[in-house]
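So you can see what is in the structure, the chains are spelled out below.
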Amino acid sequence: MQQNPSDAERVLFVHAHPDDESLATGGTIATLVNRGALVTVVTCTRGELGEVIPADIKHLEGSGEPLVELRTAELTSALAILGVTDHRFLGAEGARWRDQPPRRYTDSGMRWGDSGAEAPLVMSEDALCAAPFGEVAADLATVIDSVKPDAVISYNSTGGYGHPDHVRAHEASLRAAEVMGVPFFAIEPDAAEGQLAVDVSAVLVRKRDALRAHRSQVTVDGDRYFLSSGPGQPITTVERYSRIRPVEATTVAWKDQGLGIHLLAWILALVVGVAVGAIATVDHRYTVTLLGTDLPVGIIATLLIVAALLAGLRIVFADRIVPTIATVGMLGVIAVLSLAGSGGSVLVTNDVVGYLLVYGPVVIAFLVLAWPAAGTFSRDKIGGRPEPKGTPQL
């Protein structure tokens, strides 16, 4: 039986450069795809500063756009081998903060220092590590908001081996996951207690073929691969992760409650709306005399209570149904009580106070119900950024 896409597991991988997705998580990606998961891969840069290994294309190293075209083509091939159908470049369509023009994050580069990999002393102003941290994290939060993943996977705090783009990808994706309330898993290069170990032996051939697709960066020889620096490494059959700051659900979200709970809430909302409408109609003309002036405290209190009730229901239940039911009950009672009684008496007169009672709650309800759903993230929440590394090149 075919799996309903809405029920499928969703996992978001965030990587710094083309080839990282295959090197660090290729087996996990293929395994997830095999079991019907919807996998999204975000690549932060296009690897503009990557070293080229094969002699026949060595001339493309540092060539700018020609190298970008090659690495993008390699990435497309590798993702197809792994089974990924949703890939996005950070800053481009589908991975950009709303209402902002597209931007291209470029490879920051790196240098080897006394303590290992470090950011270069000078980098392009478009470099990932030179970009405002809040902007990078907001772009990633946009992807999370779109994909609704069950988990976000990226590097650990050291970026695996210290590359500044890996570290920035970790920082930004972790912040975005925290703001969006999504569990974050860090790629761990070394085994340790408490890690999640994924056996990828069943998809090892696809992982190997995906690595081969990145010909400019990776050389595959049997069950080992070689990068431009260092000796060969085994193509591992186990990929390891650790969960960072796990998000534990302490309550069941309103949308996940059963029909019985929803019906009870709707009935109570109707009862509360009717009660507020009745009390408001009876007491809306109440005044207090102060220094010889009659203050219309009744209608003021009525409108404040209506606003507080509807806004509170909208916030607490995070939907429009409950406040809409309360609004219907409230406006229905006000409408009924506004009619002339059998003896000709009326509770609502044709004056300013009467009009405020009849139309004020309508306006308030419209504003509360029409207001867009509270954003699942805001750029302000993503702030508190680490300082950019290196010095942008002007």
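Only a predicted model underlies this, so the values are computations on that prediction, with no experimental measurement involved.

What counts and what doesn't
Residues numbered from 1 in each chain as written. Predicted model: local features only at pLDDT ≥ 70, side-chain atom pairs only at ≥ 80, totals over all residues. Heavy atoms only, no water. Helix = DSSP H or I, 4+ residues; strand = E, 2+ residues; numbered from the N terminus. Buried < 20%, exposed > 50% of the residue type's maximum accessible area, 1.4 Å probe, protein only. Contact = heavy atoms within 4.5 Å. Core = buried A, V, L, I, M, F, W, Y, C linked by side-chain atoms within 4.5 Å. Polar contact = N/O pair within 3.5 Å; in protein donor to acceptor, adjacent residues only side chain to side chain. 1 Å grid on protein atoms, 1.4 Å probe; cavity = no way out; pocket = protein on both sides within 12 Å on 5 of 7 lines; lining within 4 Å. Points joined across faces, edges and corners; volume = space filled by probe spheres on them. Nonpolar A, V, L, I, M, F, W, Y, C, P; charged D, E, K, R; others polar. Phe/Tyr/Trp six-rings, centres within 6.5 Å; stacked < 30°, edge-to-face > 60°. Lys NZ or Arg CZ within 6 Å of the ring centre and 35° of its normal. Axes fitted to C-alpha atoms, helices over the stretch in contact; angles between N-to-C directions. Salt bridge = Lys/Arg side-chain N within 4 Å of Asp/Glu carboxyl O.

Novice: Would you mind going over the environment of Pro-189 with me for this structure?
Specialist: Note that Pro-189 resides in the loop between strand S8 (184–188) and strand S9 (196–199). The exposed category is assigned to Pro-189, whose relative accessible area is 51%. In sequence terms Pro-189 and Arg-240 are 51 residues apart; their C-alpha atoms lie 6.9 Å from each other. Each residue touching Pro-189, except ones within four places of it in the same chain, is listed here: Asn-156 and Gly-160.

Novice: I keep staring at the nonpolar core and nothing clicks. Help me out?
Specialist: Side chains that are nonpolar tend, in soluble globular proteins, to be buried together. Phe-13, Val-39, Leu-90, Val-136, Leu-140 and Val-152 are the most contacted members of the largest nonpolar core, which has 53 residues in total. The dominant element in this core, judged by the number of residues it contributes, is helix H3 (residues 133–147), at 8 residues. Setting aside residues no more than four positions away along its own chain, Leu-140 makes contact with Val-14, Val-42, Leu-90, Ala-172, Ser-173 and Ala-176. Grouped together as the second largest cluster of nonpolar side chains are 20 residues, Ala-269, Leu-309, Val-322 and Ala-326 included.

Novice: How should I be thinking about the side chain of His-17 in this particular structure?
Specialist: Among the structural elements, His-17 can be located in the loop between strand S1 (10–15) and helix H1 (20–34). At a separation of 2.9 Å, a polar atom in the side chain of His-17 contacts the side chain of Asp-165. Residues within four places of His-17 in sequence aside, it is in contact with Thr-43, Thr-45, Gly-47, Arg-71, Asp-107, His-163, Asp-165 and His-166.

Novice: It is not clear to me how the layout of surface pockets should be interpreted in this structure. Could you clarify?
Specialist: Its boundaries defined by the atoms lining it, the largest pocket holds a volume of some 1,400 Å³. For the largest pocket, the lining is made up of 43 residues, of which Asp-20, Leu-23, Tyr-161, His-166 and Leu-227 are closest to its centre. Elements with a contribution of two residues or more to the lining of the largest pocket: H1, strand S4 (111–113), S8, helix H5 (204–213), strand S12 (233–234) and strand S13 (238–244). For the lining of the largest pocket, the class distribution of residues is 18 nonpolar, 15 polar and 10 charged.

Novice: Explain unusual backbone geometry to me, please; I cannot follow it from the model alone.
Specialist: Trans peptide bonds make up most of the peptide bonds, and negative phi angles are found at most residues other than glycine. With a phi close to 95°, Asp-19 is a non-glycine residue in the positive phi region. Position of Asp-19 among the secondary structure elements: in the loop between S1 and H1. The class of Asp-19 is buried, set by a relative accessible area of 7%. At Lys-148, a position not held by glycine, the phi torsion is positive, near 55°. By the secondary structure assignment, Lys-148 is in the loop between H3 and strand S7 (151–155).

Novice: Please explain the packing of aromatic side chains as it appears in this structure.
Specialist: What describes a pair of aromatic rings is the distance from one ring centre to the other and the angle between the planes of the rings. Applying the stated criterion to the full structure yields 1 aromatic pair. With 6.3 Å between their ring centres and 35° between their planes, Tyr-355 and Tyr-359 make a pair best called tilted. Remark: Tyr-359 and Tyr-355 occur in helix H9 (residues 352–370); sequence separation between them is 4 residues, near one turn of the helix. In this structure, Arg-46 is placed above the aromatic ring of Phe-89, and the distance from its NZ or CZ to the ring centre is 4.0 Å. For Arg-98, the ring lying beneath its charged end belongs to Trp-97, and the centroid distance is 5.1 Å.

Novice: Before we go on, may I ask you to explain the packing of H1 against helix H2 (residues 65–82) in this structure?
Specialist: A pair of packed helices is characterised by two quantities: the angle between their axes and the separation of those axes. For the pair H1 and H2, interaxial distance at closest approach is 9 Å and the crossing angle is 35°. On H2, the residues touching Glu-21, Ser-22, Gly-26, Ile-29, Ala-30 and Val-33 of H1 are Leu-75, Ala-78, Leu-79 and Leu-82. Of the residues belonging to the contact of H1 with H2, the class tally is 7 nonpolar, 2 polar and 1 charged.

Novice: In this structure, what is going on with the pattern of salt bridges? I would like to understand it.
Specialist: Applying the stated rule across the entire model yields 17 salt bridges. Note that Arg-208 and Asp-223 form a salt bridge whose closest N and O atoms lie 2.7 Å from each other. In this pair, Arg-208 sits in helix H5 while Asp-223 sits in the loop between strand S10 (219–221) and strand S11 (224–226), placing the two residues 15 residues apart along the sequence. With a shortest N-O distance of 3.3 Å, Asp-209 and Arg-212 are connected by a salt bridge. Note that Asp-209 and Arg-212 are positioned in helix H5 at a spacing of 3 residues, about one turn of the helix. Three or more residues are tied together by salt bridges with common partners; here these are Arg-96, Arg-103, Glu-135 and Asp-139.

Remember, this is a structural readout, not a statement about activity or role.
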